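Here's the letter readout for the chains.
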Amino acid sequence: MEIFGVSMPAMLSQLLLGLVNGSFYAILSLGLAVIFGLLNVINFAHGALFMLGALITWMAMSYLGVNYWVMLIAAPLLVGLVGVVIERLFLRWIYKLDHLYGLLLTLGLTMVIEGVFRSIYGVSGLGYDTPELLEGATNLGFMILPNYRAWVVVASIVVCIATWYVIEKTKLGAYLRAGTENPRLVEAFGVNVPVMITLTYAFGAALAAFAGVLAAPVYQVTPLMGQNLIIVVFAVVVIGGMGSIMGSILTGLGLGVIEGFTKVFYPEASSTVVFVIMAIVLLIRPAGLFGKEK
Amino acid sequence: MNVKKFAPIGYGLLLLGLIAAPFVGAYPVFVMKLLCFALFATAFNLLLGYTGLLSFGHAAFLGGAAYVTGHAVKVWGATPELGLLIGTLSGALLGLVMGWFTIRRQGIYATMITLALAQMLFFAALQMPFTGGEDGLQGVPRGKLFGVLDLSSDLTMYYVCLVIVVLAFLLIVRTIDSPFGQVLRGIKENEPRATSLGYDTNRFKLLAFVISAAIAGLAGALKTLVLGFATLSDVHWSASGHVVLMTLVGGMGTLAGPLVGAAVVVALENKIGDLGTLLAKLTTIDWFNTLGESVTIVTGLIFVVCVLAFRRGIMGEIVAWLERRGTGGGNSH
């Protein structure tokens, strides 16, 4: 079966690859949105934290023989800890300043983190094997489904939905949303806002690292793997607007799929299509698809 | 004593120093590169320091214009003056397009938009045939300015470059001091108030964007002529990060800041290897020998330190110090 001269299985496999990328966009833009909501900081270091998740997973496997499944939990915890350090040491001094300082500070941290690991591991990719359990592919009849890619999409969506649930439907999430609206009032009600801020950043960092672990067997692990990704995620955030959690998730996944289709029909544009969509959205709905004009 | 009295003396000395530089042992090409980046940073500062817009896409103007000029001079055989003109115009045009999208959002969103659009241009430059992809555009001839001045001599090129940079700098100074510049500063201080006073702030912001982009384009075009090549690194987002760093280190919103910042950052990058070797000798710590390869780490650390402890930058601190003395000394009464 063919659509516009492209065979169906080829198209479905690109679509799946698009969904994989889209899952990473979704998790990363979700983290960016949560952090921005409470800290008012655009976390440029998100790409570096994503890279840390993947690299720590690779290091644990190569040096200690720790397997993928352990790292799926351990890497986010470790990177979350890195997040706590970053927030306590650096970010907390700049909350009262203009937004641009947050961006510049996290940019500086990104350069330091990526620079350090680049001086150790260089820029060539480090391979990471797919965990045994998810090796191979399943024949669905109409397409061959690589198990690992399917797992990435499912795991990402589960984590995204769980995050959405916690933020929108639980008491903890209510504190968080209230803190985003008016931190001083929340503090007056006896909530320890500084701790909440630290944990929020750590949570965002852990999310990025989780995406990094998922990415390790799909992408090449390199110290610079987060660099271009973070800029695409910025565009995703501009398109979706940071006001809505579900909006971030849907925008991320959707753009990944569109990118996948572009790879099939017009590969030259696949690296720029997200930016083009951003430009179009800015013309039609300047506040973003799910954003509210302030 | 105040800043106004010191400034002309400072600029006079700087200009004399630059005129004399080739005769006191400075390598002209290095100083020219420095001048190009100083101009680039000054153009950037017009937006950040005087309009309050953080553009993270200025590499697009520098690198885009560098490619256009390189192509015009090398392939079309354009004269250098025409090449510079085309480069400047292409910078302005890119600025118009990017600015038009950017002013639709405020603050940090606007910054992300500039970054994304510049990244789009980066990928375009990577794929388009005329940029030479990963290799860049090599062997751009300098030619003869107005058909008379042979620029292939480094010394001639140096003085031409100096004249262009000084003129462009004066143009920026004039812009900042004009009523237009006052409105820009008003927008930076309080945009809603500027709107309520009847100013169409978006038009002012867009015009500032175009002027800044045009001069950044001029800097890129000049750089291509000086060095004879245009590469991907000029359009990469790290070049945008660079110009932010220069302005931050020198002092945003001060006229001389970007000049000082560009000098510090460019010199640091060129000399950091030597500095590392020296430190390694002095302290006998071997690690310092690798400092040359770790430019990114050092640059990142400077960012962190500047944001946390040194937000006024070098010139900002000097101005603040002079003003403190001025008010304390009694001369001002």
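Cut-offs and rules
- Residues numbered from 1 in each chain as written.
- Chains lettered and ligands numbered in written order.
- Predicted model: local features only at pLDDT ≥ 70, side-chain atom pairs only at ≥ 80, totals over all residues.
- Helix = DSSP H or I, 4+ residues; strand = E, 2+ residues; numbered from the N terminus.
- Rg over C-alpha atoms; globule rule 2.2 N^0.38 Å.
- Buried ≥ 20, exposed ≤ 12 C-beta atoms within 10 Å, placed from the backbone.
- Contact = placed C-beta atoms within 7 Å.
- Axes fitted to C-alpha atoms, helices over the stretch in contact; angles between N-to-C directions.
- Parallel < 35°, antiparallel > 145°, perpendicular 65-115°, else oblique.
- Left-handed = near helix turned anticlockwise from the far one by under 90°.
- Nonpolar A, V, L, I, M, F, W, Y, C, P; charged D, E, K, R; others polar.
- UniProt positions renumbered as here; feature names shortened; annotations may be inferred.
- Expected span 1.5 Å × (residues − 1).
- Core = buried A, V, L, I, M, F, W, Y, C linked by C-beta atoms within 7 Å.
- pLDDT = per-residue confidence, 0-100.

Asker: An account of the overall build of chain B is requested, with residue identities and associated values reported.
Answerer: Per the secondary structure count, chain B includes 13 helices and two strands. Its C-alpha atoms give chain B a radius of gyration of 20 Å, within 12% of the compact-globule value 20 Å for 333 residues. Principal-axis analysis of the C-alpha atoms gives chain B an extent of 60 × 55 × 40 Å. Here chain B holds 333 residues, and the buried ones make up 46% of them. Excluding contacts between residues fewer than 6 apart, the proportion of contacts in chain B whose partners are at least 24 apart in sequence is 75%.

Asker: Quick one: what's the story with the overall build of chain A, residue by residue and with numbers?
Answerer: When helices and strands are tallied, chain A shows eleven helices and four strands. In summary, chain A has a C-alpha radius of gyration of 19 Å against a globular reference of 19 Å for 294 residues, a match within 12%. If one aligns the C-alpha atoms of chain A with their principal axes, the spans along those axes are about 65 × 50 × 35 Å. Within chain A, the fraction of its 294 residues that count as buried is 50%. Put simply, 78% of the contacts in chain A that link residues at least 6 apart link residues at least 24 apart.

Asker: Could you give me a rundown of the packing of helix α2 (residues 46-64) of chain A against helix α9 (residues 227-240) of chain A, with the residues and numbers involved?
Answerer: All names here are of chain A. The N-to-C vectors of α2 and α9 enclose an angle of 130°; their axes lie 8 Å apart at closest approach. The angle between the axes of α2 and α9 places the two elements in the oblique class. By crossing handedness, the relation of α2 to α9 is classed as right-handed. Judged by residue contacts, His46, Gly47 and Phe50 of α2 engage Gln227, Leu229, Ile230 and Val233 from α9. Its residues assigned to classes, the contact of α2 with α9 shows four nonpolar, three polar and no charged.

Asker: How would you sum up unusual backbone geometry? Please name residues and give values.
Answerer: Unusually for a residue other than glycine, asparagine 40 of chain A sits at a positive phi of about 60°. Residue placement: asparagine 40 of chain A occurs in the loop between α1 (8-39) and α2.

Asker: I'd like a description of the interface of chain B and chain A, backed by residues and values.
Answerer: The interface is formed by 34 residues belonging to chain B together with 32 residues belonging to chain A. Of all the secondary structure elements, the ones that give two or more residues to the side of chain B that touches chain A are α5 (107-127), α10 (237-250) and α12 (295-309) of chain B. Sort the elements by how many residues they give to the side of chain B that touches chain A and α5 of chain B lands first, with 14 residues. Classifying every residue of the side of chain B that touches chain A by side-chain character gives 21 nonpolar, ten polar and three charged.

Asker: Can you break down the UniProt feature "transmembrane region" (unreviewed entry) in chain B residue by residue, with the values?
Answerer: On the UniProt side, "transmembrane region" (unreviewed entry) is annotated at positions that read residues 6-27, 34-62, 82-101, 108-126, 156-176, 206-231, 243-268 and 288-310 of chain B here. Taken end to end, residues 34-62 of chain B is 79% helix and 0% strand, and its first and last C-alpha atoms sit 14 Å apart.

Asker: For α9 of chain A, give the residues involved together with the corresponding values.
Answerer: The end-to-end C-alpha distance of α9 of chain A, which contains 14 residues, comes to 21 Å, matching closely the 20 Å that a straight helix rising 1.5 Å per residue would cover. With twelve of 14 residues buried, α9 of chain A is to be regarded as a mostly interior element. Within the span of α9 of chain A, buried status applies to Leu229, Ile230, Ile231, Val232, Val233, Phe234, Ala235, Val236, Val237, Val238, Ile239 and Gly240 of chain A. Those residues of α9 of chain A that are buried lie in contact with α1, α2, α10 (245-265) and α11 (273-284) of chain A together with α5 and α10 of chain B.

Asker: Pulling in residues and values, what's your account of the nonpolar core?
Answerer: If you look at the biggest cluster of nonpolar residues, it comprises 193 residues, and the most contacted ones within it are Ala209, Ala235 and Met278 of chain A together with Leu39, Phe40 and Ala116 of chain B. With 16 residues, the top contributor of residues to this core is helix α2 (residues 28-51) of chain B. What methionine 278 of chain A contacts, discounting residues up to four positions off in sequence, is Ala235, Val238 and Ile239 of chain A together with Ala116 of chain B.

Asker: Got a sec to walk through the environment of glycine 139 of chain B? Specific residues and values, please.
Answerer: Residue and element names in this part refer to chain B. Following the sequence through the fold, glycine 139 ends up in the loop between α5 and β1 (144-145). Taking the number of C-beta atoms within 10 Å as the measure of exposure, glycine 139 has 8 and is therefore exposed. Along the chain, glycine 139 and alanine 230 lie 91 residues apart, while their C-alpha atoms are 9.2 Å from each other. Leave out the neighbours within four places in its chain, and glycine 139 touches Lys74 and Gly228.

Asker: Summarise the environment of valine 154 of chain A; cite the residues concerned and give the values.
Answerer: All names here are of chain A. As for its placement among the helices and strands, valine 154 is situated in helix α5 (residues 147-169). Note on valine 154: 11 C-beta atoms within 10 Å, which makes it exposed. C-alpha separation for the pair valine 154 and serine 23, spaced 131 residues apart in sequence, amounts to 8.8 Å.

Asker: A description of helix α3 (residues 58-74) of chain B should follow, citing residues and the corresponding values.
Answerer: Three or four residues apart is the spacing at which side chains of an α-helix point the same way, because the helix has 3.6 residues per turn. Between its first and last C-alpha, α3 of chain B extends 24 Å over 17 residues, near the 24 Å set by a 1.5 Å rise per residue. Burial analysis of α3 of chain B places 17 of its 17 residues in the buried class, the great majority of the element.

Asker: Please give an account of the packing of α2 of chain B against helix α11 (residues 257-283) of chain B that cites residues and values.
Answerer: Residue and element names in this part refer to chain B. Contact geometry for α2 and α11: axes closest at 8 Å, N-to-C directions at 135°. When the axes of α2 and α11 are compared, the pair comes out oblique. The element α2 and its partner α11 pack so that their crossing is right-handed. Side by side, α2 and α11 meet where Lys33, Leu34, Phe37, Ala38, Ala41, Thr42, Phe44 and Asn45 of the first sit next to Gly257, Pro258, Leu259, Gly261, Ala262, Ala263 and Val266 of the second. Looking at the contact of α2 with α11 residue by residue, the classes come out as ten nonpolar, four polar and one charged.

Asker: How would you summarise the confidence of the model for chain B if you had to cite specific residues and measurements?
Answerer: All names here are of chain B. Predicted confidence across chain B gives a mean pLDDT of 86, with 95% of residues reaching 70 or more. Scored below 50 in pLDDT, residues 329-333 shows five contacts in the model against residues more than four places distant or in partner chains. Note on the complex model: pTM 0.88, ipTM 0.86.

Asker: Before we move on, could you go through the environment of phenylalanine 288 of chain B and cite the residues and values that matter?
Answerer: All names here are of chain B. With respect to the element layout, phenylalanine 288 can be found in the loop between α11 and α12. For phenylalanine 288, a count of 18 C-beta atoms within 10 Å gives the class partly exposed. Measuring from C-alpha to C-alpha, the distance between phenylalanine 288 and glycine 326 comes to 42 Å, with 38 residues separating the pair along the chain. Those residues within four positions of phenylalanine 288 in sequence are excluded, and the remaining contacts are Gly276, Leu279, Ala280 and Thr283.

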